[in-house]
Amino acid sequence: MSKKLWGGRFTQPTDKFVEEFTASIDFDQRMYRYDIQGSIAHATMLGRQNIITEQEAEQICAGLSEILDEIEAGQFEFSLALEDIHMNIEARLIEKIGSVGGKLHTGRSRNDQVALDIRLYLRDEIDSIAVWLEQLQRALVQQAQDNLDTVMPGFTHLQTAQPVLFAHHMLAYYQMFLRDAGRLADCRKRMNQLPLGAGALAGTTFPIDREWVAETLGFDGVTRNSLDTVSDRDFAIEFCAFAATLMMHLSRLSEELVLWSSAEFDFIELSDAFCTGSSIMPQKKNPDVPELVRGKSGRVYGNLVSLLTLMKSLPLAYNKDMQEDKEPLFDTIDTVKGSLKIFADMIAEMTVKADNLRHAAAHGFSTATDVADYCVTKGIPFRDAHEIVGKTVRYCIENGKSIDELTVEEFQQFSPAIEDDIHDFVTLEASVNARSATGGTARSAVAAEVVRALQELD
Ligand code: ARG
């Protein structure tokens, strides 16, 4: 079974360790379904074009279907000596149906075959990743919808800045993931061109019908240059760039969840299902899942850099270096899928501690800017207003008061321009709702964004 398919020109067997070192079967076997799908389309086309007979094509397709069943039933023996998934399947086909199996590889090379397999495989994975990404977006929008009246401190420099709605904070992440979804869709679109027909590098002498194969396999068209086709891994790089950006966003959200679930913030509680305990400290409930996702961003960035480095300086066309594309790509797919799946569920089940969030906003002088803006409406230049409110905050700190607890007389120590109506401006709700332009944190603006998001997700 493990007789080399390219043995003709060789007189000595391959060194055992070289065989092991150069083989990709351990990791590329995960593409088996796509390899068979592509081969069936190719063989059918060869039959339609009378390059082989219809009957030969049927025999080949039947054999390939049986091989698919064997693999799925766990009855297929993968051989290291046969190097990769392509030759494992082809050798088995010849073993099963005899020499007619040797006609499958007519007008084709492993170079365009592997380019096809990766695209078919990645396309399917992209589609399932898109669904998980959407699930996460839905969970964020649901949390936003449930927290349209939850006020929290908004931060800059991790210092309390201005009050915002918790819903607004959730929708900030919704926007990041919306852009990620757009990047993923772009990648899929650009990738969806049939590479088969490029042959080893120069095309093929046989009268193949690439357009028919493209349509059969769900591609939007065919690639336009055979040299480029067999040496292009841009689609894998683009996907990994999408993934790196997505993981960066997930890592930022992770960081906030870790902070927020600490006793010091106490803004949220993650469900027990997503946390673990400590083997020594009984009080602990650790946010392992967000920590791990934050950590996993590292390997996904690394995979992107691996692929970029792998491809730089490669001369046209195919080079064996390119076999190294698969492990970083596969690891990226696995990591992204796992992270999204777990985050979608974790966000959906997160408990938001609205009272604590409100308390933090109320006690962090988050409405100081509103007092300054109020002074401006009374004709005071903003720079002077800034100074007035700075002194007011210092007074609050020294006297253990929050801004909205100050009496008008107390305010007037710092500016006689401040009047009774100041109290209409310094509540958390007034501060939030004053920011009502599109993209602001006013309840009306955020509620409109929830509606918009739900439409986008439909
Ligand atoms: N296993 C190879 C890869 O992953 C398949 C293509 C091999 N082509 C070749 N000419 N050696 O890149």
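Above: the structure in question.
What you see is a predicted model, and the numbers here were worked out from it, not measured in a lab.

Asks: Is there a simple way to think about the overall build of the protein chain in this case?
Replies: A tally of helices and strands in the protein chain yields 18 helices and six strands. A compact globule built from 458 residues should have a C-alpha radius of gyration of about 23 Å, whereas the protein chain, at 31 Å, is more than 25% larger. Referenced to the eigenvectors of the C-alpha coordinate spread, the extents of the protein chain come out at roughly 100 × 50 × 40 Å. Each of the 458 residues in the protein chain was classed as buried or not, and the buried ones make up 48%. Within the protein chain, contacts between residues at least 6 apart in sequence are counted, and of these 76% link residues at least 24 apart. Of the roughly 21700 Å² of accessible surface on the protein chain, 51% is carried by carbon and sulfur atoms. On the protein chain, the mean spot of the 44 positive side-chain charges and the mean spot of the 70 negative ones are 5 Å from each other.

Asks: What is the right way to look at the packing of helix 6 (residues 110–146) against helix 7 (residues 166–191) in this model?
Replies: The relative placement of two packed helices is expressed as an angle between their axes plus a distance between the axes. The contact between helix 6 and helix 7 brings their axes to 9 Å, and the two run at 165 degrees. Taken together, helix 6 and helix 7 sit at an angle that is classed as roughly antiparallel. Viewed along their axes, helix 6 and helix 7 form a crossing whose handedness is left-handed. Classifying every residue of the contact of helix 6 with helix 7 gives 20 nonpolar, two polar and five charged.

Asks: Which parts of the structure should I look at to understand unusual backbone geometry?
Replies: Trans is the prevailing form of peptide bonds, just as negative phi is the prevailing case for residues other than glycine. Note the cis peptide between L316 and A317, where omega equals 0 degrees. Phi is positive for N50, close to 60 degrees, though the residue is something other than glycine. Relative to the elements of secondary structure, N50 occurs in the loop between helix 3 (32–48) and helix 4 (54–72). Unusually for a residue other than glycine, D266 sits at a positive phi of about 55 degrees. In this structure, D266 sits in the loop between helix 10 (234–260) and strand 5 (268–269). The partly exposed category is assigned to D266, whose relative accessible area is 26%.

Asks: Quick question: what am I supposed to make of the pattern of salt bridges here?
Replies: Side chains that differ in charge, positive against negative, can pair when their charged atoms come close. Scanning the entire structure with this criterion turns up 33 salt bridges. With its nearest N and O atoms 2.7 Å apart, the salt bridge here joins E19 to K4. Of the two residues, E19 sits in helix 1 (residues 16–22) while K4 sits in the segment before helix 1, which places them 15 residues apart along the sequence. For E19, a relative accessible area of 9% translates into the label buried. A salt bridge links R358 to E429, with the shortest nitrogen-to-oxygen separation between them at 2.9 Å. With R358 in helix 13 (residues 354–362) and E429 in helix 17 (residues 428–433), the pair connects residues that are 71 residues apart, well separated along the chain. The structure contains a network of salt bridges with shared partners spanning E66, E70, R92, E95 and K96.

Asks: Can you help me understand the pairing of strand 1 (residues 151–156) in this one?
Replies: The pairing of strand 1 with strand 2 (residues 159–165) spans five bridges and is classified as antiparallel. In the sheet register, M152 faces strand 2, and the bridge partner there is V164. Connecting strand 1 to the antiparallel partner strand 2 that follows it, the hairpin turn spans two residues, and H157 within it adopts a positive phi of roughly 55 degrees.

Asks: Is there a simple way to think about the site of the ligand in this case?
Replies: Around the ligand, the surrounding shell consists of S24, D28, D84, H86, R110, N111, V114, Y318, Q323 and K326. Here an oxygen atom of the ligand and a side-chain polar atom of Y318 are 2.5 Å apart. A distance of 2.9 Å separates a nitrogen atom of the ligand from a polar atom in the side chain of Q323. Broken down by element, the residue count for the shell around the ligand peaks at three residues, all from helix 6. Classifying every residue of the shell around the ligand gives two nonpolar, four polar and four charged.

Asks: Where do I start with the packing of helix 3 against helix 5 (residues 85–97) in this structure?
Replies: Relative orientation of the contacting elements helix 3 and helix 5 amounts to 60 degrees, with a least axis distance of 10 Å. As far as their axial angle goes, helix 5 and helix 3 are oblique. The two elements helix 3 and helix 5 cross, and the hand of that crossing is right-handed. Along the contact surface, helix 3 presents Y32, D35 and I36, while helix 5 presents I85, H86 and I89. Taken together, the residues of the contact of helix 3 with helix 5 break down into four nonpolar, one polar and one charged.

Asks: Help me out: how do you make sense of the side chain of R119 in this one?
Replies: Along the chain, the position of R119 falls in helix 6. For R119, a relative accessible area of 3% corresponds to the buried category.

Asks: Explanation requested: the packing of aromatic side chains in the structure shown.
Replies: The geometry of an aromatic ring pair is captured by the separation of the ring centres together with the interplanar angle, meaning the angle of the planes. A complete count under the given rule lists 12 aromatic pairs for this structure. For the ring pair F155 and F265, a centre distance of 6.2 Å and an interplane angle of 65 degrees mean the geometry is edge-to-face. Within this pair, whereas F155 is found in strand 1, its partner F265 is found in the loop between helix 10 and strand 5, the two being separated by 110 residues in sequence. Assessed through its relative accessible area of 26%, F155 is described here as partly exposed. Residue F265 is classed as partly exposed on the basis of its relative accessible area, which comes to 22%. Sitting over the ring of F219, R123 keeps its end group 4.8 Å from the ring centre.

Asks: For this particular structure, what's the right way to read a negative patch on the surface?
Replies: A cluster of like negative charges, contributed by E20, D26, D321, E324 and E327, occupies part of the molecular surface. Residue position: D26 is located in helix 2 (residues 25–28).

Asks: It is not clear to me how the state of the cysteines should be interpreted in this structure. Could you clarify?
Replies: Disulfides are covalent bonds that connect the sulfur atoms of two cysteines. For the coordinates displayed, the defined rule picks out zero disulfides. Between C396, a cysteine without a disulfide, and C375, which holds the nearest cysteine sulfur, the sulfur-to-sulfur distance is 13 Å. Residue classification places C396 among the buried positions, given a relative accessible area of 0%.

Asks: When you look at a nonpolar patch on the surface in this model, what are you seeing that I'm missing?
Replies: The grouping of L201, L227 and L316 at the surface amounts to a nonpolar patch, some 270 Å² of accessible area in total. Relative to the helices and strands, L201 is located in the loop between strand 3 (193–194) and helix 8 (210–216).

What counts and what doesn't
Residues numbered from 1 in each chain as written. Predicted model: local features only at pLDDT ≥ 70, side-chain atom pairs only at ≥ 80, totals over all residues. Heavy atoms only, no water. Helix = DSSP H or I, 4+ residues; strand = E, 2+ residues; numbered from the N terminus. Rg over C-alpha atoms; globule rule 2.2 N^0.38 Å. Buried < 20%, exposed > 50% of the residue type's maximum accessible area, 1.4 Å probe, protein only. Contact = heavy atoms within 4.5 Å. Areas by Shrake-Rupley, 256 points an atom, 1.4 Å probe, with all protein chains shown as cover. Lys, Arg positive; Asp, Glu negative; His and termini not counted. Charge placed at Lys NZ, Arg CZ, Asp CG, Glu CD. Axes fitted to C-alpha atoms, helices over the stretch in contact; angles between N-to-C directions. Parallel < 35°, antiparallel > 145°, perpendicular 65-115°, else oblique. Left-handed = near helix turned anticlockwise from the far one by under 90°. Nonpolar A, V, L, I, M, F, W, Y, C, P; charged D, E, K, R; others polar. Salt bridge = Lys/Arg side-chain N within 4 Å of Asp/Glu carboxyl O. Pairing = 2+ DSSP bridges. Near = heavy atom within 4 Å. Polar contact = N/O pair within 3.5 Å; in protein donor to acceptor, adjacent residues only side chain to side chain. Phe/Tyr/Trp six-rings, centres within 6.5 Å; stacked < 30°, edge-to-face > 60°. Lys NZ or Arg CZ within 6 Å of the ring centre and 35° of its normal. Patch = residues over 30% accessible without salt bridge, like charges linked within 9 Å, V, L, I, M, F, W, Y side chains within 5 Å. Disulfide = S-S within 2.5 Å.

So yeah, pure geometry; function would need other evidence.
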